[in-house]
Structures are given as C-alpha cells and as structure tokens.
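# Structural overview
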Amino acid sequence: MDLLKNMNVALVYIEDNLTNDIDFKEVARLAFCSEYHFKRMFSFLAGITLSEYIRRRRLTLAAFELQDRNVKVIDIAMKYGYNSPDSFTRAFQQLHRVTPSEARTNVHSLKAYSQMTFQLSIKGGSEMNYRIEKKEAFRLVGMKKRVPIIFHGVNPEIASMWESLDDATIDKLKKLSNVEPTGMLNASTNFSEGRMEEKGELDHYIGVATTKECPDDLTQLDVPACSWAVFEAIGPFPDTLQDVWGRIYSEWFPSTNYEQIKGPEILWNEDKDITSSTFKSEIWIPIMKKQVNT
C-alpha cells in the first residue's frame, strides 16, 4: 500500500540522518501525511514511539563504533546527539546495561536494533464496519481527569471516575446531549508520547457531546468541525473492542486515503450489560484526506 511504501521512504531518510538533527517536517513530507499522523501510525505499527526507535538506532550504531578504540567516547557521544559524556553514558547504560567503557572490553553482551521497515501482512478477510461522518463543531461536556495509559484490563482511574458519577449527574449530562454520538461517552486526548509502550498519561473525559453551554460545575472540551471515521464493534467486551482498535491502525489506515488528526478519540457504548455477547460499541476518530502523491 502507498502509506507503507511512503512510510518506508521516510524511514530511509531517518536512517540517513541519525547523526544529524532530523527534520520531522521532511519526514512527514516524504510520507505524504502530517507529522502527527506519521508518529501515531509508527507507534501503532512498531509498538514503540518514533523517538524511542531513533534513540535505539543511534545507540546501536554508537555501540558498533565503540569497538574502534582509536575513537574517543566524547566524539561518538557528540556524533549521535549527546552534549556530554555523562548524558551519553546514562543513555547507553539504560539500553545496553553496561557503560561505553565496559562495552569496549568485548566481554559484555550488547543490544542491536536493526533498521525498521514496514510490510503489509495479508490476514483472513474479516470485514470491518465503518462510516465517515462530517460534524460541525461541538463540545464534550462532563468530567475530566489526567489518567495513566493502561491497555489491558480495567483502568482504575477511569473506573473511579465512573463510580463518582451519581444518578443526578448522569441525568443532567444526558439532558445536555443533543448531537451524535448521543448519550454517555468516554473520550481520550492529549496522549503522552509513550502511548504504545503503555507509558505516560492522557486526558480522559466522561460526558456527552453537545452544542449547549457547559454548566459551571462541569468541564468542557471544544471540538472543531471535522470528519470522523466511525468503527463498529459488536461482541464480547472488551476483547472485540481491543481487536477493532488494533485493526484500525494496522489495516484500515494503511489501506485508505485518510489520516488521523489531532482531536479526541471517542468511545460510545450501547447502554446495556457489558457482559452481553452482543454488546455494541462505536469508536470515533477524527480524520482528514491525505495529501495526494505527486
């Protein structure tokens, strides 16, 4: 697919500039997408952030160069973007578990991370149900909390947010809901960079989508007009939902001419028992058309 081909072109540029300052605007230009979308797609496909990949590649090459005893450690440190031997030693030891000096003794095992490329893996042709919706600007109104990023199992901080909602507050919120997706929503935004490594935090909202004014005792997030890709997930909770999330980034985005833009990722759940085998959810992701290859 063009997206994977273009991402690989951008990765070659990154590889060629590991000893320079990497221009991420040029990375995005080569990938024919926004810098935001490239970094998000890279994280989902690679399982690590782009910055972590670059760090590992630089320290891998630095370890190779340390085998030349005629080259000073400070020169290698400067070559790969470290301003002092101490900062280089800390980073090197964090990855390789030994200091640069110890690495030169050739008695220690070092880590090597090879250059990455993306390939399309053809899997069983199970369908994905989605639609594209254009929406005018609206507000997410409800409660907000900065919570840790947790992929598997229940996020205790989000669970505590739901537990803190009494019937009166839920009824108040539902009366504010006047635009799709209607009813109570989960929304996440402002992710830390280490999202795919299950590190850092995000801003989580529990509330409703509305064009009405936000009451003083609640929090609002202004969402600009844009298009949304809406994905349907029907099946056991949360396994089906997690499977659809993964397929959005590994299958849907690489095969379409859309890219993700900054904005909240919204989850709507059908108002019923989550243990039901027919539990229904919708994942809403803000998108735009990608640049046309020229």
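Because the structure is predicted, anything quoted here is derived from the model rather than measured.

### Remarks on the overall build of the chain
Within the chain, the regular secondary structure consists of 10 helices and nine strands. Along the first, second and third principal axes, the C-alpha set of the chain runs to 75 × 45 × 35 Å. By residue count, 47% of the 294 residues in the chain fall in the buried class. Here the analysis covers contacts within the chain between residues at least 6 apart in sequence; of these, 73% occur between residues at least 24 apart. By element, 50% of the accessible surface of the chain is carried by carbon and sulfur atoms, the whole surface being about 15500 Å². Across the chain, the mean location of the 36 positive side-chain charges is 5 Å away from that of the 41 negative side-chain charges.

### Considering the packing of aromatic side chains
Considering all chains together, one arrives at 14 aromatic pairs under this definition. Centroid distance Trp252 to Tyr258: 5.9 Å. Interplanar angle 10°. Geometry classified as stacked. Its relative accessible area of 17% is what places Tyr258 among the buried residues. Members of the aromatic cluster, joined through ring pairs, are Phe44, Tyr130, Phe231, Tyr249, Trp252, Phe253 and Tyr258. Above the plane of the ring of Phe24 lies Lys39, whose end atom (NZ or CZ) is 4.6 Å from the centre.

### A word on the pattern of salt bridges
Taken as a whole and judged by the stated rule, the model has 19 salt bridges. Note that Glu157 and Lys145 form a salt bridge whose closest N and O atoms lie 2.6 Å from each other. Separated by 12 residues along the polypeptide, Glu157 in helix H8 (residues 156-163) and Lys145 in strand E2 (residues 138-148) bring together distant segments of the chain. Across the pair Arg146 and Glu201 runs a salt bridge whose closest N-O atoms are separated by 3.6 Å. One end of the pair, Arg146, is in strand E2; the other, Glu201, is in strand E4 (residues 201-210), with 55 residues separating them in the sequence. Among the ionic contacts, a cluster of salt bridges with common partners joins Lys144, Arg146, Glu201 and Asp203.

### Some thoughts on the environment of Ile283
Position of Ile283 among the secondary structure elements: in strand E9 (residues 280-289). Assessed through its relative accessible area of 0%, Ile283 is described here as buried. Taking the C-alpha atoms as reference points, Ile283 and Phe118, 165 residues apart in sequence, are found 25 Å from one another. Sequence-distant contacts of Ile283, defined by excluding residues within four places in its chain, comprise Ala229, Val230, Phe231, Leu241, Val244, Trp245, Ile248, Ile266 and Leu267.

### Here's the deal with the state of the cysteines
Covalently bonding the sulfur atom of one cysteine to the sulfur atom of another cysteine gives a disulfide. Counted under the stated rule, the structure contains zero disulfides. Free of any disulfide, Cys33 has its nearest cysteine sulfur in Cys226, 17 Å distant. Its relative accessible area of 1% is what places Cys33 among the buried residues.

### Let's talk about unusual backbone geometry
Backbone torsion omega between Glu180 and Pro181 reads -5°, so that peptide bond is classified as cis. Looking at the secondary structure, you find Pro181 in the loop between helix H9 (167-176) and strand E3 (185-189). You will see that Phe32, though not glycine, has its phi angle at about 55°, which is positive. Mapped onto the secondary structure, Phe32 falls in the loop between helix H2 (24-31) and helix H3 (35-46).

Parameters and conventions
Residues numbered from 1 in each chain as written. Predicted model: local features only at pLDDT ≥ 70, side-chain atom pairs only at ≥ 80, totals over all residues. Heavy atoms only, no water. Helix = DSSP H or I, 4+ residues; strand = E, 2+ residues; numbered from the N terminus. Buried < 20%, exposed > 50% of the residue type's maximum accessible area, 1.4 Å probe, protein only. Contact = heavy atoms within 4.5 Å. Areas by Shrake-Rupley, 256 points an atom, 1.4 Å probe, with all protein chains shown as cover. Lys, Arg positive; Asp, Glu negative; His and termini not counted. Charge placed at Lys NZ, Arg CZ, Asp CG, Glu CD. Phe/Tyr/Trp six-rings, centres within 6.5 Å; stacked < 30°, edge-to-face > 60°. Lys NZ or Arg CZ within 6 Å of the ring centre and 35° of its normal. Salt bridge = Lys/Arg side-chain N within 4 Å of Asp/Glu carboxyl O. Disulfide = S-S within 2.5 Å.

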